[in-house]
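Each chain is listed here by its residues.
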Amino acid sequence: MMNASEIPTFAVVGHPNEGKSSVVATLTEDDSLRITDFPGETTVCSDYSVRVDDEILIRFLDTPGFQYPQKTLEWMQQHSAQKQHPAHAFVEAFREDPEHHHDVELLIPLAAGAGIIYVVDGSRPMRKNDVCEMEILRMTGNPRMALINPKEGDDSFLQTWKENCAKSFNLTRIFNAHQASFVERMALLESLKRMHQDWEPAMLRAVGIFECDWKKRISDTAQIISDCLIEALEFQVEMFTAKGENESVLRSKLIAQYQLDIQSLEKRAHSSIRGVYRHRKFRPTLPEQSILAEDLWSERSWKMLGLSRRQFLMAAAVLGGGAGLKLDILFANLSF
Ligand SMILES: Nc1nc2c(ncn2[C@@H]2O[C@H](COP(=O)(O)OP(=O)(O)OP(=O)(O)O)[C@@H](O)[C@H]2O)c(=O)[nH]1
Ligand SMILES: [Mg+2]
């Protein structure tokens, strides 16, 4: 019989390279997890608890992928007469065997009663190994959910995955680990609470705390943006000029310095907002045409903002007013 601890605990399991660590990283907002293209990247079971004020709300356990699901299943079926939990029996039998290290690691939390989140890449066809993995998980009797994570855009296999998952899992959900929004994450947590009645109060509380935290992040972000705008509007640059220095050269230098300083204000605000959303590593791959790759002073940015060239210059002139720039400087050497 499973031993459900008061803290809801979910082991994220599945075939190598299906996105298990990505799912854990998304749910825990922890970008320290190792996520690579290399199958077998995760080699040990690791705890990534979700904490608020040092209190653990939910435990997510990242695990290595199944290594020999067929052999593991055969062993479990041969030893199914034992009264022991099948995962526990397997762990006891193979704990010291380096060949089965990954399967032992992923079965340890199941032997301890963890809920199962089985991650599959729904954009590929189902194979025999998948059937064995699902059967192993069904045999444990632990509460279990299948999470279909379609890594590529192909949805032609989705229906088959859904039908087969429904045979072995209490719940099935589609969840894209790389693109899931806050609402989708909350919907997933909501459905996890249905996996085990004892965990329901703790899961409900966790969802409530996440929702409050999200609202606070939105107001913190608004504060950062308004602070940044106020600072930008009040910003001034000064330069000392040598006697006889050409005035237009000096004005160009002032404008260039002003633009650089405003850009760094903007970058500082971006970085604070990323901190609010816990994106410590930030190397987004932007779509080819994304305006986010442009800075505030690029022609594309102001076109996107709906400004004509003349309006942009007016706006820039107002911004530049603090720097002591006059409209005629900005209009100088430009033809309309
Ligand atoms: N496009 C896309 N790629 C994904 C998604 N989820 C995972 N990947 C990619 O798939 C690869 C494997 O992801 P991981 O999260 O490391 O997978 P894993 O199941 O933990 O892998 P192992 O630890 O090796 O078993 C990485 O290159 C991820 O970037 C997804 O939702 N969309
Ligand atoms: Mg992994």
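Residue positions are given per chain, counted from 1 along the sequence in the order it is written. As they are written, the chains are lettered A onward and the ligands numbered 1 onward, keeping that order. This being a predicted model, a pLDDT of at least 70 is required before a residue's local features are given, and a value of 80 or more before pairs of side-chain atoms are given or counted; all residues contribute to the totals for chains, interfaces and linings. Only hydrogens and water are set aside when side-chain values are computed; all heavy atoms of the structure are taken into account.

On to the site of ligand 1. Proximity is defined per residue: any heavy atom of the residue falling within 4 Å of a molecule or strand makes that residue near it. For ligand 1, the set of nearby residues contains 21 residues, the closest of which are K20, S22, D37, G40 and T42. A distance of 2.7 Å separates an oxygen atom of ligand 1 from a polar atom in the side chain of K20. Relative to its free-state accessible area of 650 Å², ligand 1 is covered by the protein chains to the extent of 88%. Any pair of nitrogen or oxygen atoms within 3.5 Å is treated as a polar contact; in protein, a donor-acceptor pairing is required on top of that, and neighbouring residues in sequence qualify only through side-chain atoms on both sides. Note that accessible areas follow from Shrake-Rupley with a 1.4 Å probe, and for residues the cover is restricted to the protein chains shown.

Bringing the pattern of salt bridges into the picture now. For salt bridges, the criterion is a side-chain nitrogen of Lys or Arg within 4 Å of an Asp or Glu carboxyl oxygen. Tallied over the full model, the rule gives 17 salt bridges. Across the salt bridge formed by R124 and E18, the nearest N and O atoms sit 2.9 Å from each other. Remark: E18 occurs in the loop between β1 (9-14) and α1 (20-28) and R124 occurs in the loop between β4 (115-120) and α5 (128-140); sequence separation between them is 106 residues. Using a relative accessible area of 9% as the deciding quantity, one classes R124 as buried. You can call E18 buried: its relative accessible area is 5%. Working definition: helices are DSSP H or I runs of at least four residues, strands are E runs of at least two. Numbering for both runs from the N terminus. Three exposure classes are used, based on accessible area relative to the maximum for each residue type with a 1.4 Å probe and protein chains only: buried under 20%, partly exposed in between, and exposed over 50%.

For the pair helix α2 (residues 69-78) and helix α3 (residues 86-94), interaxial distance at closest approach is 10 Å and the crossing angle is 110 degrees. Taken together, α2 and α3 sit at an angle that is classed as roughly perpendicular. Touching T72, W75 and M76 of α2 are P86, A87, A89, F90, A93 and F94, all from α3. Inter-axis angles, ranging from 0 to 180 degrees, are taken between N-to-C directions of lines fitted to C-alpha atoms, where helices are fitted over the stretch in contact. Should an angle lie under 35 degrees it is considered roughly parallel, over 145 roughly antiparallel, and from 65 to 115 roughly perpendicular; all remaining angles are considered oblique. What makes two residues a contact is simply this: any of their non-hydrogen atoms within 4.5 Å.

Here the focus is the confidence of the model for the protein. Close reading of the predicted structure is inappropriate where its pLDDT is low. The predictor attaches a confidence to each residue, and that confidence, scored 0 to 100, is pLDDT. Per-chain confidence: the protein averages 86 in pLDDT, with 86% of residues scoring 70 or above. Averaged over each element, pLDDT in the protein is lowest for helix α12 (residues 327-331) (39) and highest for β4 (98). A low-confidence stretch, residues 321-336 (pLDDT under 50), is modelled with 23 contacts involving residues beyond four sequence positions or located in other chains.

The subject of this paragraph is the side chain of H15. Within the fold, H15 resides in the loop between β1 and α1. Side chain to side chain, H15 and E133 meet in a polar contact 2.5 Å long. Look past the residues within four positions of H15 in its chain and what remains in contact with it is K20, G65, F66, V119, R124, N129 and E133.

With that settled, consider the coordination of the magnesium ion (ligand 2). The rule for donors is simple: an N, O or S atom within 2.8 Å of the metal counts, and for Na, K and Ca the reach is 3.2 Å. Water is not among the atoms, so a site may look short of donors. Around the magnesium ion (ligand 2), the protein contributes the donor atoms S21 (OG) and T42 (OG1), at 2.1 Å from the metal centre. Within this pair, whereas S21 is found in helix α1, its partner T42 is found in the loop between α1 and β2 (46-52), the two being separated by 21 residues in sequence. In this structure, S21 and T42 share a single accessibility class: buried.

Below, the discussion takes up unusual backbone geometry. Trans peptide bonds make up most of the peptide bonds, and negative phi angles are found at most residues other than glycine. With phi around 70 degrees, N17 is a residue other than glycine that occupies positive phi space. Tracing the sequence through the fold places N17 in the loop between β1 and α1. In this structure N17 comes out as partly exposed when scored by relative accessible area, which is 25%. Of note, E29 is a non-glycine position whose phi angle comes to about 55 degrees, a positive value. Tracing the backbone through its elements, the reader meets E29 in the loop between α1 and β2.

This part takes up helix α9 (residues 247-276). Given the number of residues in a helix, its expected span is that number minus one, multiplied by 1.5 Å. Here α9 spans 44 Å end to end across 30 residues, near enough to the 44 Å set by a 1.5 Å rise per residue. Among all positions in α9, only L250, L254, I255, Y258, I262, Q263, L265, A269, I273 and V276 are buried. The N-cap of α9, judged by a side-chain oxygen 2.8 Å from the amide nitrogen of S248 a few residues on, is N246. R278 sits one or two residues past α9 and shows a positive phi near 60 degrees.

This next bit is on the packing of helix α8 (residues 200-234) against α9. For the pair α8 and α9, interaxial distance at closest approach is 10 Å and the crossing angle is 170 degrees. Relative to α9, the element α8 is oriented roughly antiparallel. Each of R217, D220, T221, I224, I225, C228, E231 and A232 in α8 lies in contact with α9, whose residues at this interface are Y258, I262, L265, E266, R268, A269, S272, I273 and V276. The residue classification treats Ala, Val, Leu, Ile, Met, Phe, Trp, Tyr, Cys and Pro as nonpolar and Asp, Glu, Lys and Arg as charged. All others, Gly included, are polar. Among the residues making up the contact of α8 with α9, the classes are represented as ten nonpolar, two polar and five charged.

Here strand β5 (residues 144-148) lies mainly inside the structure; five of its five residues are buried. Here, a strand pair is defined by DSSP locating no fewer than two bridges between the strands. Pairing analysis gives five bridges linking β4 to β5, with the strands arranged parallel. Looking at β5, one finds that V120 is bridged to I148. The path from the first strand over the helix to the second decides the hand: if it runs clockwise while the strands point away from the viewer, the crossover is right-handed. Crossover connection from β5 via helix α6 (residues 158-168) to parallel strand β6 (residues 171-174): handedness right-handed.

This brings us to the sheet that holds β2. Taken in spatial order, the six strands of this open sheet run β2-β3-β1-β4-β5-β6, and their pairing is mixed. The strands lining the two open edges of the sheet, one partner per strand, are β2 and β6. Taking the axes of each pair of neighbouring strands and ignoring which way they run, one obtains an average angle of 25 degrees across the sheet. Sheet analysis places β1 next to β4, joined by five bridges and oriented parallel. Bridge pairing links F10 to G115 in β4.

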